[in-house]
Amino acid sequence: MSLKQTKPVGPPFWLLAELTYDCPLHCPYCSNPTDLGDKADELSTTHWKEVLTQARAMGAVQLGFSGGEPLLRKDLEQLVEHGRELGFYTNLITSGIGLTAKRIAKLKKAGLDHIQISFQGADPEVNDAIAGRGKAYQQKFEMARQVKAQGYPMVLNFVISKQNITQIPQILALSTELDADYVELATAQYYGWAYHNRDHLLPTKEQLITAEAQVNHYRDQQDGKGPQFIFVTPDYYEDRPKACMNGWGSTFLTVTPDGSALPCHSAKLLPLTFPNIKDKALEDIWHKDFSFNRFRGDSWMKEPCSSCSEKEQDFGGCRCQAFMMTGDMDATDPVCSKSKDKHMINDAIQSASSPSNPLVYREAGRDIALFKL
Amino acid sequence: MSLQSIPSINRLFRLQFETAQDCYVLLFPEGMVKLNPSAGEIMARIDGEKTVSVIIKELQAQFPDAGDLTLDVQEFLTTAQQKKWLIYES
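Our subject in this report is the structure included herewith. Just so you know, these numbers come straight off a predicted model, no measurement behind them.

1. Some remarks on the overall build of chain B
- Counting secondary structure elements, chain B contains 3 helices and 5 strands.
- Counting from the amino terminus, chain B carries its helices and strands in the arrangement β-β-β-β-α-α-α-β.
- Overall, the C-alpha framework of chain B stretches about 35 × 35 × 20 Å when taken along its three principal axes.
- Every one of the 90 residues in chain B was classed for burial, and the buried ones make up 42%.
- Expressed as a percentage of contacts within chain B between residues at least 6 apart in sequence, the contacts between residues at least 24 apart total 52%.
- Within chain B, one finds 8 positive and 12 negative side-chain charges whose respective centroids are separated by 6 Å.

2. Remarks on the overall build of chain A
- A count of helices and strands for chain A gives 14 helices and 9 strands.
- The globule rule puts the C-alpha radius of gyration for 373 residues at 21 Å, and the 20 Å found for chain A is close to it.
- Seen through its C-alpha atoms, chain A measures out along the principal axes to roughly 55 × 50 × 50 Å.
- Evaluated residue by residue, chain A yields a buried proportion of 56% over its 373 residues.
- Counting only carbon and sulfur atoms, one obtains 52% of the accessible surface of chain A, whose full area is about 16100 Å².
- Averaging the locations of the 40 positively and 46 negatively charged side chains of chain A gives two centres separated by 2 Å.

3. Points about unusual backbone geometry
- Here the amide bond leading from Gly67 of chain A into Gly68 of chain A is cis, since omega sits at 10 degrees, within 30 degrees of zero.
- Tracing the backbone through its elements, the reader meets Gly68 of chain A in the loop between strand 2 (62-67) and helix 2 (76-86).
- Here the amide bond leading from Glu303 of chain A into Pro304 of chain A is cis, since omega sits at 5 degrees, within 30 degrees of zero.
- Along the chain, the position of Pro304 of chain A falls in the loop between helix 11 (290-293) and helix 12 (311-314).
- Not every positive phi belongs to a glycine, and Asp179 of chain A is a case in point at roughly 60 degrees.
- On the basis of relative accessibility, which here comes to 43%, the residue Asp179 of chain A falls in the partly exposed class.
- One non-glycine residue, Lys84 of chain B, adopts positive backbone phi at about 65 degrees.
- Relative to the assigned elements, Lys84 of chain B resides in the loop between helix 3 (70-82) and strand 5 (86-88).

4. What to know about the pattern of salt bridges
- According to the stated counting rule, one finds 25 salt bridges over all chains in the structure shown.
- Among the ionic contacts, a cluster of salt bridges with common partners joins Asp22, Lys39, Glu42, Arg73 and Asp75 of chain A.

5. With respect to the sheet that holds strand 3 (residues 23-28) of chain B
Residues and elements named next belong to chain B.
- Pairing is antiparallel in the open sheet, where 3 strands are placed in the order 2-3-4. Single-partner strands in this sheet number two, and they are strand 2 (14-18) and strand 4 (31-34). For this sheet the average axis-to-axis angle between neighbouring strands, irrespective of direction, equals 30 degrees.
- Where strand 3 and strand 4 come together, 4 bridges link them in antiparallel fashion. Among the inter-strand pairings, Phe28 is bridged to a residue of strand 4, identified as Gly31.

6. Comments concerning the side chain of Asp235 of chain A
- For Asp235 of chain A, the location among the structural elements is in the loop between strand 7 (228-232) and strand 8 (252-255).
- Under the relative-accessibility criterion, Asp235 of chain A is labelled buried at 9%.

7. Points about the interface of chain A and chain B
- Each side of the interface is counted separately: chain A has 23 residues, and chain B has 14 residues.
- Between chain A and chain B, the buried area comes to about 1500 Å², and carbon and sulfur atoms account for 51% of it.
- Three residues, Val61, Tyr89 and Tyr182 of chain A, lead the burial of chain A against chain B; their summed loss comes to 31% of the area buried on that side.
- If you look at where chain A meets chain B, you find 3 salt bridges.
- With its nearest N and O atoms 2.6 Å apart, the salt bridge here joins Arg14 of chain B to Asp113 of chain A.
- Counting across the chain A and chain B interface gives 12 residue pairs in polar contact (both at pLDDT 80 or more).
- Here the residues of the side of chain A that touches chain B are counted per class, giving 9 nonpolar, 8 polar and 6 charged.

8. Brief notes about the state of the cysteines
- Evaluation of the coordinates by the stated rule reveals 0 disulfides over all chains.
- Take Cys30 of chain A: it sits in no disulfide, and the sulfur closest to it among the cysteines is that of Cys23 of chain A, at 6.8 Å.

9. Looking at helix 13 (residues 319-326) of chain A
Residues and elements named next belong to chain A.
- In terms of residue burial, helix 13 counts as a mostly covered element, since 6 of its 8 residues are buried.
- On its buried side, helix 13 packs onto helix 7 (192-196), helix 8 (198-201) and helix 14 (342-351).
- After helix 13 finishes, the residue Gly327 shows a positive phi value of roughly 80 degrees.

The rules we used
- Each residue is numbered by its place in its chain's sequence as written, counting from 1.
- Each chain is given a letter, starting from A, and each ligand a number, starting from 1, according to the order in which they appear as written.
- Side-chain atom pairs in this predicted model are given and counted only at pLDDT of 80 or more, local residue features only at pLDDT of at least 70, and totals for whole chains, interfaces and linings cover all residues.
- Computation of side-chain values: all heavy atoms of the structure, hydrogens and water removed.
- Strands here mean DSSP runs of E at least two residues long; helices mean DSSP runs of H or I at least four residues long; both are numbered from the N terminus.
- Under the scheme applied here, a residue whose accessible area is under 20% of the maximum for its type counts as buried, over 50% as exposed, and between as partly exposed, the area being computed with a 1.4 Å probe on protein chains only.
- The contact definition used throughout considers only heavy atoms, calling two residues in contact when any of these lie within 4.5 Å.
- The convention is simple: Lys and Arg are positive, Asp and Glu are negative, and His and the chain ends are not counted.
- By convention, charge coordinates are those of NZ in Lys, CZ in Arg, CG in Asp, or CD in Glu.
- It is over C-alpha atoms that the radius of gyration is taken, and the globule rule equals 2.2 Å times the number of residues to the power 0.38.
- Per-residue and other accessible areas follow the Shrake-Rupley method at a 1.4 Å probe size, with only the shown protein chains counted as cover for residues.
- The salt bridge definition used is simple: a Lys or Arg side-chain nitrogen within 4 Å of an Asp or Glu carboxyl oxygen.
- The pairing criterion for strands is at least two bridges between them, as found by DSSP.
- Fitting a line to C-alpha atoms yields each axis, with helices limited to the stretch in contact; the angle taken between N-to-C directions then spans 0 to 180 degrees.
- Note on definitions: buried area is the accessible-area loss of two parts on being combined, 1.4 Å probe, summed for both.
- Counting of polar contacts relies on pairs of N or O atoms within 3.5 Å, with two restrictions inside protein: one atom must be capable of donating a hydrogen and the other of accepting it, and residues adjacent in sequence are counted only when both atoms are side-chain atoms.
- Residue classes follow a fixed rule: Ala, Val, Leu, Ile, Met, Phe, Trp, Tyr, Cys and Pro count as nonpolar, while Asp, Glu, Lys and Arg count as charged, and any other residue, Gly among them, counts as polar.
- Pairs of cysteine sulfur atoms within 2.5 Å are what we label disulfides.

The structure is reproduced here in structure tokens:
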């Protein structure tokens, strides 16, 4: 380890509270771990309130309630109220399933600032096939209307994959019809279930170019009105890796349903032991825990990262991706054209042109059932 | 925008003083903008009732040594409107 001075660690700006991994949907692009754990291990209301209190005292500002489907927690309103009283900006990240006009009003009263609803497609057929649930589209559509009617800022999130990328024009029109404030068109990232299903999800480069051009064309015609569209391209087609989580342990803190504290929501797949909020104070976890310090600074880096002039821009890319693909969590993210493992990305792109494995829908606690979209 | 216009903060944003940052911030879905001290002082006075003229008078009273603030405040309000932080009832 070098003795080089490293930058002081600021507070976690973002706290992502993954309240439960239970979910009424079965999307194959889900980035939750394929081992969804035991519901009996979920944190209590008291534990969650304590996590929120500690994170806010450290200077965290944004609070995301996520999952799984956070609406499945009956104490959601209590947690929103607690978070808002502490001064958090409170975000609900939901599938919309389980939402009612009454619950939207109750959440508003509790102080919820914003609701983000996910869509899987721009019509019932595509949406419900990807979500693995009938009538999901209709429910999402009606709840999106309610969210706006009750005065919330609304973000719509579309995870874009080979399964829905040809619907971009309809997605843009739907977002405008629903009067969304922001729309994330986020190409799937390949973690958890999505890594397993990558061949079925990764679009071709041509599909991406077309999709991006359609978004740009639409933006040009908006004249400053309507939703703000954010198009996120998949890193597999880039020459440099993404600055994952804005740097390990710099900005994001995730707490999983069982209380594990992680520097990102996928980090549990790494061969590291992560602390639990039931055992340690958040302040200790953030500043002192081995796992949180493991990839801070650059002394952990190997070549070509350690001597790279861009290492402070992308931090060597994603540790989870490096580990999943190369088996070495200290390796350069294989997305980087300087990586000796770049061929793995190219092989994955090649492999996606003719999937050999069946598509697997996310499903907890049962033998994995196979479907064909 | 004129001196008689009444700005209010766009409901997409929430203004709050952050002790950890020692400044006013604008919070919005999954994001935050840090405001410099003068921007923070102006934004903190916007309540959907005061006119631009009243806001300027209040700032002059609080910062008597600052000279005429009219142009600075108007410039900031124009920028803030472009960034959609503010809206005006038409």
